[in-house]
Amino acid sequence: MGRISDIYQRILQSEQWKISPEWLRLSTIDMHTGGEPLRVVTAGFPEVPGSSLLECRRYVKEHYDYLRKLLMFEPRGHADMYGCILLPPFHSEADFSVLFMHNEGYSTMCGHAVIALAKLAVEMEWVAHIEPVTTIRIEAPCGLITAYAEVANGQVTASGFQGVPSFVLAEGVEVQVSGVGKVRADIAYGGAFYAYVDAEQLNIQLTPDNYSELIRIGREIKNTIIKEGIPVRHPEEKDLSFLYGTIFMGGPLSQGVDSRNVCVFADGEVDRSPTGSGVCGRMALHYHQKKLDIGQKMKIESIVGSQFEGKLMKEVTYGPHQAVIPEVWGTAYVTGSNEFCLDPQDPFREGFMLR
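No experiment lies behind these values; they were computed from the predicted model shown.

So what's going on with the pairing of strand β15 (residues 297-301)? Which residues, and what values?
For a regular strand, side-chain orientation follows a simple rule: the groups alternate between the two sheet faces. Across 2 bridges, strand β13 (residues 259-265) lies against β15 in parallel orientation. Within β15, the position partnered with Arg260 by the bridge is Glu301. Sheet topology note: the β15/strand β16 (residues 307-318) ladder contains 5 bridges and is antiparallel. Across the sheet, the residue bridging to Ile300 is Phe308, located in β16.

The following block contains the structure:
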C-alpha cells in the first residue's frame, strides 16, 4: 500500500460534496426491475397542483419538464433511463399516486415501476408490511393499480400487480417499413397502447445484437401508424389516447419460458424488462385470439433474458370493449441512492441526449 499523504487523508475524511444551499436538490432511490432502470424521486421535487392525477401530469409537463430532462438525460441519465415522481393520492382507495417519466415525456402506466415501488413501499416502511403478502394500492394515470409484495422476514422476495382492464383495439394493421416491407401489427391496451408485431415476419432475432435495428423498425412502425391517422382512442380519457410503443413478440431463448418481448417505446427506448403493461396488453391479445384463457399463466422474457409471469384473472367489460384483468409478477432491486443538484452556471444543466 502507498504512503498516506496529507491530501489522501483529507480525501478519506471528505465523504460528501457540499451542495450550495441556493441550488436545487433532488433526492432519488435508483432501482431496476428485470434490468430496466427506475429512478424514484423521493425529495426535492416542487409541489404539483391539480385536482386529479392527469391534471398533475399536465402541470408537470408544462412547468417542470426541465426536471424530467435533468433526471433522465445525460449526464445524469441516458437515452433509456426511466423514472417516477410520487404524489399524494386522488383516488379514495389509493395509498399514493405516481407519475412516470422517460426520454420523451410521461407514460400512462409502467408495470416494471409498479413492481419496484411495491418492494420499495415495504422496505422503506411507507406501508405496514404483512407477511406473506402485503397489498399496496397505487394510483397511476391509467387508473388504480393493486400491487402486491411477497414478504419473508421483512424482506420482499417478489412483487406484482393487477392491471387495469386490458383489451384489443385493432387487428391486422399494416404499415410499410423501410428495408422490411409490409408489417402486420395488432394494437392492444394494458395501461398504455402498443402495436404488437410477430417478429417472425421480420426475419430478425430478438437479441441484443439486433438492438439498433429493432429500435429503427419499432420507431418506424409506431410513427407510421401515427402518421396514417389510425385511431388510438381510450374509451374514457383523451390523455390516454396515444400509441406508446411497438412490442416485438418471438420464441423464447430460455428454458421454461413461453415467449420473448422486446418493447421499443417513447423516443426509441428499449425496455430491458419484458414490459409490465406490455405483458398485460399481450395477454388481452392472446385471450382475444383464444390462445389464453382465464386462470392460465404465461412466462415472458426480455431482450436481456429477465422474466415476468402473467396470469389472466377475469373477464370484464370496459366501455365498448371485452377486456380482461391481468396479473404480472417480477423482481426488483435497489441499486443505490443519489442526491442530484442543479448548478445554475452549468451550460448542460437540463441535460442532453446522445444515442
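The structure having been displayed, the exposition proceeds.
Which residues make up the state of the cysteines, and what values do they have?
Each disulfide is one covalent bond, formed between the sulfur atoms of two cysteines. Under the criterion given, the structure shown has 0 disulfides. The cysteine Cys84 is free of any disulfide, with Cys110 supplying the nearest cysteine sulfur at 8.1 Å. Its sulfur unpaired, Cys280 is 8.9 Å from the next cysteine sulfur, which belongs to Cys142.

Provide a residue-level description of empty space enclosed by the protein, including the pertinent values.
Throughout the structure, instances matching the rule amount to 1 cavity of 30 Å³ or more. One number sums up the size of the largest cavity: a volume of about 80 Å³. Lining the largest cavity are 14 residues, and of these Cys110, His112, Tyr194, Asp271 and Thr275 lie nearest its centre. For the lining of the largest cavity, the secondary structure elements donating two or more residues are α4 (111-123), β13 and α6 (276-288). The residue makeup of the lining of the largest cavity, split by class, is 7 nonpolar, 5 polar and 2 charged. Mapping the lining of the largest cavity onto the domain boundaries places at least three of its residues in each of domain 1 (22-163 + 334-339) and domain 2 (166-328).

Could you give an account of the pairing of strand β10 (residues 181-189), naming the residues involved and the relevant values?
Most of β10 sits inside the fold, with 7 of its 9 residues counted as buried. Counting the residues that bridge the hairpin from strand β9 (residues 167-177) to β10 gives 3 residues, and of these Gly179 lies at a positive phi of roughly 80°. Sheet topology note: the β10/strand β11 (residues 193-198) ladder contains 4 bridges and is antiparallel. Bridge pairing in β11 places Ile187 opposite Ala195. Remark: 3 residues form the turn of the hairpin made by β10 and β11, two consecutive strands paired antiparallel; Gly191 in that turn has positive phi of roughly 115°.

Lay out the pattern of salt bridges with the relevant residues and their values.
Going through the model one piece at a time under the given rule, you end up with 14 salt bridges. Between Arg58 and Asp239 there is a salt bridge, and its shortest N-O distance comes to 2.3 Å. Separated by 181 residues along the polypeptide, Arg58 in helix α2 (residues 53-63) and Asp239 in the loop between α5 (211-227) and β12 (243-250) bring together distant segments of the chain. Via salt bridges that share partners, Glu213, Arg216 and Glu220 belong to a single interconnected network.

Would you mind going over the side chain of His286 in detail, with residue names and values included?
Relative to the elements of secondary structure, His286 occurs in helix α6. Judged by its relative accessible area of 10%, His286 falls in the buried class. Contact partners of His286, with chain neighbours within four places excluded, come to Lys291, Leu292 and Met298.

Hey, could you go over the nonpolar core for me, with residue numbers and the actual values?
Across soluble globular proteins, nonpolar side chains show a tendency to be buried alongside one another. In this structure, Leu38, Phe100, Ile136, Phe161, Ile221 and Phe248 are the most contacted members of the largest nonpolar core, which totals 91 residues. It is α4 that contributes the most residues to this core, 9 residues altogether. A domain split of this core shows at least three residues from each of domain 1 (22-163 + 334-339) and domain 2 (166-328). Apart from the residues lying within four places of it in its own chain, the contact partners of Ile136 are Asp95, Phe96, Ala118, Ala121, Val122, Val127, Ile145, Thr146, Ala147 and Ala149. Among the nonpolar cores identified, the runner-up in size contains 21 residues, and Tyr64, Phe73, Leu99 and Tyr106 belong to it.

Provide a residue-level description of the environment of Phe242, including the pertinent values.
Among the secondary structure elements, Phe242 is positioned in the loop between α5 and β12. The exposure class of Phe242 is partly exposed, given its relative accessible area of 28%. Taking the C-alpha atoms as reference points, Phe242 and Tyr194, 48 residues apart in sequence, are found 9.0 Å from one another.

Reading guide: rules and limits
- Residues numbered from 1 in each chain as written.
- Predicted model: local features only at pLDDT ≥ 70, side-chain atom pairs only at ≥ 80, totals over all residues.
- Heavy atoms only, no water.
- Pairing = 2+ DSSP bridges.
- Helix = DSSP H or I, 4+ residues; strand = E, 2+ residues; numbered from the N terminus.
- Disulfide = S-S within 2.5 Å.
- 1 Å grid on protein atoms, 1.4 Å probe; cavity = no way out; pocket = protein on both sides within 12 Å on 5 of 7 lines; lining within 4 Å.
- Points joined across faces, edges and corners; volume = space filled by probe spheres on them.
- Nonpolar A, V, L, I, M, F, W, Y, C, P; charged D, E, K, R; others polar.
- Domains from an automatic or database assignment.
- Buried < 20%, exposed > 50% of the residue type's maximum accessible area, 1.4 Å probe, protein only.
- Salt bridge = Lys/Arg side-chain N within 4 Å of Asp/Glu carboxyl O.
- Contact = heavy atoms within 4.5 Å.
- Core = buried A, V, L, I, M, F, W, Y, C linked by side-chain atoms within 4.5 Å.

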